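# Summary of the model geometry
Chain by chain, the residues run as shown.
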Amino acid sequence: MATKSLHKRESALANSNKQLEILSNGIFQSGDLPTFKNKIDETGQFPLKAKKLEILQINVGYMCNQVCTHCHVDAGPDRKEIMTRETMQQCLEVIKSTGAHTLDLTGGAPEMNPNFRWFVDEASKVGIKDFIVRSNLTIIKANKKYNDLPEFFKKHNVHVVSSMPHWTRGKTDKQRGDGVFNTSIEALKMLNSVGYGMPDSTLRLDLVYNPSGAFLPGDQASMEKDFKKALKDDFNIHFHNLFAITNLPISRFLDYLIASENYEDYMYALVEAYNPMAVENVMCTNTLSVSWDGYLYDCDFNQMLELGINSKVKHISEYNEGLLEGRDIVISQHCYGCTAGAGSSCQGSVA
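Fair warning: this is a prediction, and the values are worked out from it, not measured in the lab. (Residues numbered from 1 in each chain as written. Predicted model: local features only at pLDDT ≥ 70, side-chain atom pairs only at ≥ 80, totals over all residues. Heavy atoms only, no water.)

### Considering unusual backbone geometry
Backbone phi values are negative for most residues with the exception of glycine, while trans is the configuration of most peptide bonds. In this structure, P47 follows F46 across a cis peptide bond, with omega equal to 0°. Between G107 and the following residue, G108, the backbone shows a cis peptide bond with an omega angle of 25°. Mapped onto the secondary structure, G108 falls in the loop between strand 2 (102-106) and helix 4 (116-124). A positive phi is found at L137, a non-glycine position, where the angle reads about 75°. Relative to the assigned elements, L137 resides in the loop between strand 3 (130-135) and helix 5 (138-142). Backbone geometry at D200 places phi at a positive 70°, although glycine is not the residue there. Within the element layout of this structure, D200 appears in the loop between helix 8 (180-193) and strand 5 (205-209). By relative accessible area, which is 83% here, D200 ends up exposed. (Helix = DSSP H or I, 4+ residues; strand = E, 2+ residues; numbered from the N terminus. Buried < 20%, exposed > 50% of the residue type's maximum accessible area, 1.4 Å probe, protein only.)

The following block contains the structure:
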């Protein structure tokens, strides 16, 4: 591994160790709250096991044009972790052979990877059933370099999933930065203009909601109705589905919880909302996460905490689907975020 990449991994590991120490200390060590391991053991669900792979999620880099307060990736313009074409080529070989039906490209802003368009071109030729790109919307409108992305996505029949914290300017800009709401609205109009999100359109446009504070998201179906009505009435904007995602206590959101003295209350809320039904469908059981440097993780959240996969297969270059199926999922206290209430995944509620 190149020295620069090794230093990045060492730095990330040191940071993740600090976060894991925070998550494991205090209320969990004292016995005030059961560890996630003990909790799922109580309901006969330990150890969590990987099922048949359905979703291959690839993080092509942490660079982003935004610095959102809730971002679990800690993404931003200063992040230099970018997937190389060599690693992308290794991913393409896996995409050609995998039994997964969904390819999910994420970041940062995945579009900022210099090889992004080449990768989408090549991956779209494989004919995978559902090809997702997670776009932050503002990247489409804010820079002329990216203004043609709606047409590019349409050409490759990409399923666009975009973050939209709220249908109001105040709540959106508070979470994602001044001016983000207006830019996001313009980007949604650009996507609508080429057919994305329109009624009866096969060009899928879904939005993602994350709470702006230390609380769990509301009912996904009810929120979707509210979002659709407000965006249609105020801006004549259409989209297909809303995914409500719980903020997990890692990275910037963990920093916020500690700084605002909400950490313990938030963890209590997650544990009290624990739902065994949600455990049955957590995304780590049918999803494999690939980091910018090709290493494998059970989910995107474990990737940020450097909780490597429990398998002999550690890197995309060693990929073996047969060996990965049935593995024990690596867990920690942050997993309560995916099993609270209706549950949470990159595809929204799970229960």
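### Some words on the environment of Q45
Take Q45: it is sitting in the loop between helix 2 (36-42) and strand 1 (55-59). Along the primary structure Q45 and E280 are separated by 235 residues, whereas in three dimensions their C-alpha atoms are 8.2 Å apart. When sequence neighbours within four positions are dropped, the list of residues in contact with Q45 reads I40, Y274, P276, V279 and E280. Engagement of the side chain of Q45 in a polar contact is seen with the side chain of E280, the distance being 2.8 Å. (Contact = heavy atoms within 4.5 Å. Polar contact = N/O pair within 3.5 Å; in protein donor to acceptor, adjacent residues only side chain to side chain.)

### So, the sheet that holds strand 1
Here we have 8 strands laid out as an open sheet, ordered 6-5-4-3-2-1-7-8, and mixed in their pairing. Among the strands making up the open sheet, the edge pair consists of strand 6 (241-244) and strand 8 (296-297). Relative to strand 6, strand 5 is paired through 4 bridges, and the arrangement is parallel. Bridge pairing in strand 6 places L207 opposite L242. (Pairing = 2+ DSSP bridges.)

### As for the packing of aromatic side chains
Following the criterion strictly, the structure yields 10 aromatic pairs and no others. Seen in terms of ring centroids, F253 and Y266 are 5.3 Å apart; in terms of plane orientation they differ by 75°. Their pairing is edge-to-face. Here F253, found in helix 10 (residues 251-259), pairs with Y266, found in helix 11 (residues 263-272); they are 13 residues apart in sequence, far enough to count as distant. In this structure F253 comes out as buried when scored by relative accessible area, which is 2%. The buried category is assigned to Y266, whose relative accessible area is 1%. (Phe/Tyr/Trp six-rings, centres within 6.5 Å; stacked < 30°, edge-to-face > 60°.)

### Some details on helix 9 (residues 220-235)
The terminal C-alpha atoms of helix 9, which comprises 16 residues, lie 22 Å apart, in line with the 22 Å expected from a rise of 1.5 Å per residue. Buried within helix 9 are the following residues: Q220, M223, E224, F227, A230 and L231. In a view along the axis of helix 9, the buried residues occupy a sector of 140°, so they form one face of it. Across from the buried face of helix 9, at angles greater than 90 degrees, the exposed residues are K225, K229 and D233. Those residues of helix 9 that are buried are in contact with helix 8, strand 5 and strand 6. Backbone nitrogen of A221 and a side-chain oxygen of the N-cap are separated by 3.4 Å at the start of helix 9; the cap is D219. Following helix 9 by one or two positions, N236 adopts a phi angle in the positive range, close to 55°. (Expected span 1.5 Å × (residues − 1). Arc of directions from axis to C-beta.)

### Quick notes on helix 7 (residues 169-176)
Here helix 7 has its buried residues at T172, D173, Q175 and R176. One side of helix 7 carries all its buried residues, which in axial view fall inside an arc of 165°. Summarising the geometry of helix 7, the exposed residues directed more than 90 degrees from the buried face are G170 and K174. Taken together, the buried residues of helix 7 touch strand 4 (159-163) and helix 8. Looking at the residues trailing helix 7, positive phi occurs at G177, about 115°.

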